[in-house]
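# Breakdown of the fold
Letter by letter, the chains look like this.
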Amino acid sequence: MSGAELAEETRTLVAAGLARLADAPSSAEVRSIESELLGKRSRLTEMKAGMRDLDAEDRRVLGAALNQARTELEAAAAERLDHLAARERRAVLAAERLDLTEYQGRASTGHRHLVTQTWERLEDVFVGMGFTVATGPEVETDWFNFEALNLPPSHPARSLWDTLYLDTTDLDGVGDQQLLLRTHTSPVQVRTMLRAVREGSGPPIYVVCPGRAYRQDTADATHLPVFHQIEMLVIDRGITMGDLSGTIETFTKAYFGQELTSRLRPSYFPFTEPSAEVDISQPDGSWLEVGGCGMVHPNVLRAGGLDPEEWSGFAFGFGIERLTMIRHHVTDIRDFITNDMRFLEQF
Amino acid sequence: MRVTLNWLREFAPVEGSPHDIAEQLTDLGLEVGEVTPVGSALGGVIVARVLEVREHPDADRVRLVDVDTGDGEALQIVCGASNMAAGDLVPLATVGTVMPGGMEIAARKMRGQMSNGMLCSAQELELGDDHSGILILPAEEVPGVPLTEALGLSADVVFDLEVNPNRPDALSVAGVARDLAARQGVPFTIPTPAPVGSGPTLDGAVSVTIDDPHLCGRFALRGLGGVRIGASPRWMAQRLIAAGMRPINNVVDASNYVMLELGQPTHAFDLDKVRGAQLRVRRVRAGEQLETLDGVLRALDPADGVIVDGDDVPIALAGVMGGASTEISDTTTDVIVEAAWWDPQSVADTSARHNLHSEASARFKRGMDPDIADRALDRLAELLVQQDAATLRPGSVVAEGNLPERVTVAVRPARVNAVLGLSLDRSTMVDLIDPIGFTADTVGDDLSVTIPSWRPDSTAEVDVIEEIGRMYGLSRIPRTVPVSAHPGRLDAAQRARRSVRRALAGFGVSEAMPMPFLAPGDLERCGLPAGGLVLANPLAAEESVLRSSLRPGLLGAIAYNASHRRPGVWLAEIGRVFETGERGVVVDVAESARLGRVLDGERDQLAAALAGAEAPTAVELLDVVLGSLGIGPVVLRAEERPGLHPARTAVVEVAGLDAGMVGEIDPEVLDRFGIEERVAWLELELGALLELVAPVRRARAVSRFPSTDVDLAFVVDDRVPAAAVRTTIRAVGAPLLQDLDLFDVFRSESLGVDRRSLAFRLRFQAEDRTLTDAEVGVVRQAIIDEVVATHDATLRA
């Protein structure tokens with residue numbers, strides 16, 4: 001046979017081989033077909049061996065045809081093997097199918113208390129405004145809770161706070177001091193001033209004092225005998241009521257939102273003068289009272305060991321629970337102390 | 001304090017809508033809570049004459065009333081009352097009238113009979129308390145005339161004000177009007193009452209003595225003769241009701257009216273009942289009693305002030321309430337009316353001691369205007385004389401004690417601007433406070449400000465600065481923001497505390513916040529020793545102890561959730577505990593009052609209760625918490641602790657410090673709480689641990705060389721803590737031992753009684769080289785030898 005005839009035969013063999021490979025159902029079958037078509041005993045190998053009997057031109061034609069036949073068949077076998085392997089992998093994975101919706105709602109993390117979250121958020125806002133954080137004891141002396149705050153014994157305004165006192169009859173070392181549960185976080189103001197003076201670390205003082213406060217109060221939807229306050233204290237040279245107003249406005253925008261504003265309304269607190277209530281504007285145009293503020297009273301500065309002619313300052317305080325209730329639409333303050341998981345896990 | 005717009009206008013021609021006026025009052029520090037229109041409903045009410053009262057054919061309890069509304073026609077009304085008779089004049093709410101409660105009157109059938117309006121009681125018209133029958137009007141009225149015209153009533157607006165304790169002057173209509181007039185720049189005047197006296201003079205007929213001049217600064221009397229006790233005019237009743245008071249009779253009402261108007265309480269005595277026509281002011285003597293006007297017989301305190309009669313018997317509690325024995329009655333004809341200045345502290349103390357709070361005491365304890373008493377008495381007399389309810393006896397009787405001195409304060413204009421953040425000139429400051437009675441003279445660069453008698457709260461420069469700021473308007477002060485020279489930040493302990501909270505949440509523990517109060521017995525219920533600070537004045541016994549442990553609160557919360565079908569709740573609390581024991585001894589409070597801590601026993605603790613989990617889970621949580629703080633080393637020392645499972649509890653030692661305990665709640669305690677699951681427990685002295693936190697954690701280089709793992713299993717006695725074996729391995733293995741993991745614990749009879757296998761995986765690694773098998777083998781053998789020797793262990797093959 002001529003080279004051309006032989007070349008034609010290779011093409012016939014390739015066509016048939018390609019068809020068989022394309023239908024091969026398994027990788028074993030592919031390898032078997034490949035061996036049958038390209039192995040030592042295959043017709044193509046036989047043809048290659050018979051080339052030495054052909055003349056140069058036929059040998060060239062047949063050689064080219066044989067090369068092409070081998071290349072095509074090998075490529076088809078490899079492609080079929082890849083295809084089959086992919087199919088097998090898919091089958092294995094398909095057998096591992098999971099319904100992921102079965103696993104929804106199984107796990108949860110714990111939840112930080114909503115009051116803590118507000119507390120930390122407030123701290124973050126104030127830290128961003130240049131404040132540090134100070135705390136103090138919850139069991140206080142009458143001096144820190146009242147006297148140092150311009151509330152001498154028998155001051156009529158003391159009745160504004162329903163104070164819980166400690167029974168100190170069995171306590172050593174109390175002397176004639178009255179111990180009480182602090183009615184506000186304001187004692188920390190004087191403690192902070194005294195510490196700053198003692199340690200030479202200030203003024204200037206820019207602190208916020210978060211913490212628990214106590215009142216002799218029956219729990220209802222809007223009152224708790226134990227609650228949290230945070231108050232801001234600034235003591236520096238030349239601090240003005242305008243600084244107070246501006247700082248509260250900065251806080252308002254940082255905490256409540258850029259679109260809201262604050263206003264000050266004259267009020268009365270023994271430890272500040274002038275004193276004011278702080279209202280925050282509401283989207284509906286009304287005003288919501290959030291806390292009290294004022295210029296630190298000269299007597300309080302004196303109690304803190306500072307000269308009111310040299311230093312001035314302001315304080316601004318409010319209830320953390322109240323702010324939390326406003327922000328998160330909590331309608332009953334007792335939800336904060338009931339520790340019902342159905343409440344805690346919402347936040 | 002409730003004031004009405006018409007009343008305010010008697011003192012100043014104030015302008016603006018009720019809304020605008022409310023805004024101005026609020027901006028002046030007189031916060032307006034509610035603005036309520038009154039009397040507008042009266043527009044549809046007219047005078048009607050009763051023509052005939054007939055029985056209702058189908059109902060016993062209602063009548064059919066024919067009335068004439070001025071046109072001579074009979075209009076049928078169905079009425080539930082029966083106090084009217086033909087010829088009476090009565091108020092008729094015509095069809096379409098909206099009553100004060102919001103009900104609209106319509107023509108409708110009642111029990112089959114047409115009713116064309118409603119006859120009204122005094123209460124229905126907000127003209128009094130009387131709802132026993134229809135209000136019968138004076139006979140001279142004319143049918144068809146609007147009731148407002150007939151009774152001199154008018155529509156008005158009530159402002160409900162929140163008055164701060166430093167503003168006794170604002171507990172009066174005149175005081176509120178003064179502030180408002182100043183803000184609006186309109187003139188303010190208190191009309192001078194000029195009642196004309198007649199009949200026998202009071203001088204010499206009555207005597208007054210002040211024994212305690214500190215208690216009573218001034219005691220002034222007027223005499224009223226020919227008193228005819230009766231109802232007050234409707235316009236006055238309307239105003240009293242609008243102000244929140246109940247009309248009683250013309251004398252009492254006039255007294256209340258004057259108090260609301262001018263702020264000065266007055267008190268009327270029935271002169272015939274005042275023995276000896278003598279009044280004396282003194283402190284109480286031991287054993288004295290007084291029946292006050294509210295009908296309560298009170299044992300008096302020697303610190304109370306009283307008014308006594310000629311027999312030296314108390315007849316009034318000074319500044320708080322009158323006595324029953326001299327109370328005016330329907331038959332009273334001769335009255336003496338008293339207006340006094342009482343020491344605020346005495347009144348406050350008496351009021352608090354007797355838990356007796358009156359409109360009078362509320363004003364006296366804030367400090368009365370010492371100059372207003374005579375004006376108030378004259379006004380009272382004027383009102384009663386005008387009403388033809390009494391004649392004023394000429395003359396007055398007055399006794400004087402110590403009145404507060406008029407205060408003058410030096411005010412530095414520069415200081416005013418420095419505090420307020422303004423740059424007002426001196427004359428502007430003067431103009432701001434002059435209308436509210438703070439008169440200023442110029443002294444050099446400064447102002448000398450005389451404080452008005454009605455502002456006892458103002459005694460210092462800063463008080464005047466406050467008034468200047470208030471009148472200027474706090475909202476108008478330009479806003480500035482001071483900048484701290486120091487950066488804001490949390491300190492290391494504050495940051496660490498947050499890390500702990502996040503670690504707890506990450507572990508699946510939610511934060512609880514139980515009340516820190518306990519009931520007596522709560523600690524014992526937890527198996528803890530009794531203790532905790534005791535409150536002197538708790539509201540309830542269940543809240544009388546300040547906790548010395550977080551355990552009752554958390555177990556209570558677990559039990560609460562379990563009872564709401566939420567078992568398996570994991571809760572933690574970070575909070576204060578208070579101790580009275582050895583650690584809680586109060587440290588020199590007397591000295592440290594101005595310095596340091598009050599109670600050594602007030603500490604920050606962290607506690608976690610994991611329902612449905614056992615002790616090992618609490619140990620894992622311990623690792624997580626300490627890991628979040630980056631502190632150690634931690635040693636667990638098996639030890640019984642009160643209230644915890646005796647065989648599943650260890651003391652936690654951190655850096656050599658007893659830092660708390662970990663384990664499980666004693667099942668007996670759980671029984672008492674009705675908790676059916678096990679509860680794992682962790683309790684740490686967080687405050688102490690936070691002090692161990694390093695501000696910065698240093699990195700340890702990670703070796704770049706390969707590591708070698710060796711598994712070793714030792715059989716040891718059950719009593720030998722795994723931690724002890726671990727400690728030995730670590731000690732001998734250092735520094736090449738990088739990691740040690742107890743990966744299996746195995747018990748079997750084949751190992752021997754009370755013995756167990758502890759299987760460790762040891763990872764060896766050097767920082768500077770690849771370890772050879774020989775090197776590892778040497779260390780491995782040393783470890784085996786030491787564990788076997790120290791812990792009576794055998795190596796499992």
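### A few points about the domain arrangement of chain A
Interface size is commonly expressed as the accessible surface area that is lost when the partners come together. In terms of domain boundaries, chain A breaks down into domain 1 (3-95) and domain 2 (114-344). Using C-alpha coordinates to define each centre, domain 1 of chain A is positioned 89 Å away from domain 2 of chain A.

### Observations concerning the environment of Ser361 of chain B
All names here are of chain B. Mapped onto the secondary structure, Ser361 falls in helix α8 (residues 359-364). Looking at Ser361, the relative accessible area reads 1%, which means it is buried. In this structure the C-alpha to C-alpha distance between Ser361 and Arg704, which are 343 residues apart in sequence, comes to 84 Å. Sequence-distant contacts of Ser361, that is, excluding residues within four places in its chain, are made with Gly319, Val320, Val347, Ser351 and Leu356.

### Considerations on the packing of helix α1 (residues 3-23) of chain A against helix α4 (residues 56-95) of chain A
Between two packed helices, what matters for the description is the angle formed by their axes and the separation of those axes. Residues and elements named next belong to chain A. At a minimum axis separation of 9 Å, α1 and α4 run at an interaxial angle of 5 degrees. Between α1 and α4, the interaxial angle falls into the category roughly parallel. Contact residues: Gly3, Ala4, Leu6, Ala7, Thr10, Val14, Gly17, Leu18, Leu21, Ala22 and Asp23 in α1; Asp58, Val61, Leu62, Ala65, Leu66, Ala69, Glu72, Leu73, Ala76, Ala77 and Arg80 in α4.

### Topic: the sheet that holds strand β30 (residues 603-611) of chain B
Residue and element names in this part refer to chain B. Overall, mixed pairing links the 7 strands, which are arranged β25-β29-β30-β34-β33-β32-β31 in an open sheet. Strands with a single pairing partner mark the edges of an open sheet, and in this sheet they are β25 (510-511) and β31 (634-638). Looking at chain direction, strand β32 (residues 644-654) and strand β33 (residues 657-665) are connected through 7 bridges and run antiparallel. Its bridge partner lying in β33, Ala650 is registered against Val662. Docked against the sheet, helix α13 (residues 492-506) engages β25, β29 (570-577) and β30, running at close to 155 degrees with respect to β29. Packed on one face of the sheet, helix α15 (residues 551-563) meets β29, β30, β32, β33 and β34 (679-684) and runs near 150 degrees to β29.

### With respect to the packing of aromatic side chains
All names here are of chain A. Following the criterion strictly, the structure yields 19 aromatic pairs over all chains and no others. A ring pair is formed by Phe126 and Phe251, whose centres lie 4.9 Å apart and whose planes are at 5 degrees; its orientation type is stacked. Highlighted residues: Phe126 in helix α5 (residues 114-128) and Phe251 in helix α8 (residues 241-255), separated in sequence by 125 residues. For the pair Phe126 and Phe251, one class covers both residues: buried. One cation-aromatic arrangement involves Arg121 over Tyr255; the distance from NZ or CZ to the ring centre is 4.6 Å.

### Examining helix α12 (residues 461-472) of chain B
Residue and element names in this part refer to chain B. Its 12 residues place the ends of α12 17 Å apart at the C-alpha level, agreeing with the 16 Å of an ideal helix rising 1.5 Å per residue. Most of α12 sits out of view: 12 of its 12 residues are buried. Buried within α12 we find Glu461, Val462, Asp463, Val464, Ile465, Glu466, Glu467, Ile468, Gly469, Arg470, Met471 and Tyr472. Looking at the residues trailing α12, positive phi occurs at Gly473, about 105 degrees.

Parameters at a glance
- Per-chain numbering applies: the sequence of each chain, read as written, is numbered from 1 onward.
- All chains are assigned letters beginning with A, and all ligands numbers beginning with 1, in the order in which they are written.
- It should be noted that, the model being predicted, local features are given only for residues of pLDDT at least 70 and side-chain atom pairs only at 80 or more, the latter also being counted only at that level, while totals for whole chains, interfaces and linings use all residues.
- By convention in this description, side-chain values take in all heavy atoms of the structure and omit both hydrogens and water.
- Delimitation of the domains relies on an automatic or database domain assignment.
- For the purposes of this entry, the term helix denotes a DSSP run of H or I that reaches at least four residues, the term strand denotes a run of E that reaches at least two, and both are numbered from the N terminus.
- The cut-offs for exposure are 20% and 50% of the maximum accessible area for each residue type, with area from a 1.4 Å probe on protein chains only; residues under the lower value are buried, those over the upper are exposed, and the others partly exposed.
- Contact criterion: two residues are considered in contact whenever any of their non-hydrogen atoms come within 4.5 Å of each other.
- Axes here mean lines fitted to C-alpha atoms, for a helix over just the part in contact, with angles spanning 0 to 180 degrees between N-to-C directions.
- In this scheme, roughly parallel covers angles under 35 degrees and roughly antiparallel covers those over 145, while 65 to 115 is roughly perpendicular and the rest are oblique.
- We treat two strands as partners when DSSP finds at least two bridges between them.
- Note on aromatic pairs: the rings of Phe, Tyr and Trp (six-membered ring only in Trp) are paired at centre separations within 6.5 Å, and the planes decide the class, stacked below 30 degrees, edge-to-face beyond 60, tilted for the rest.
- The rule is short: NZ of Lys or CZ of Arg within 6 Å of the ring centre and within 35 degrees of the ring normal puts a charge over the ring.
- Helices are assigned an expected span. That span is 1.5 Å times one less than the residue count.

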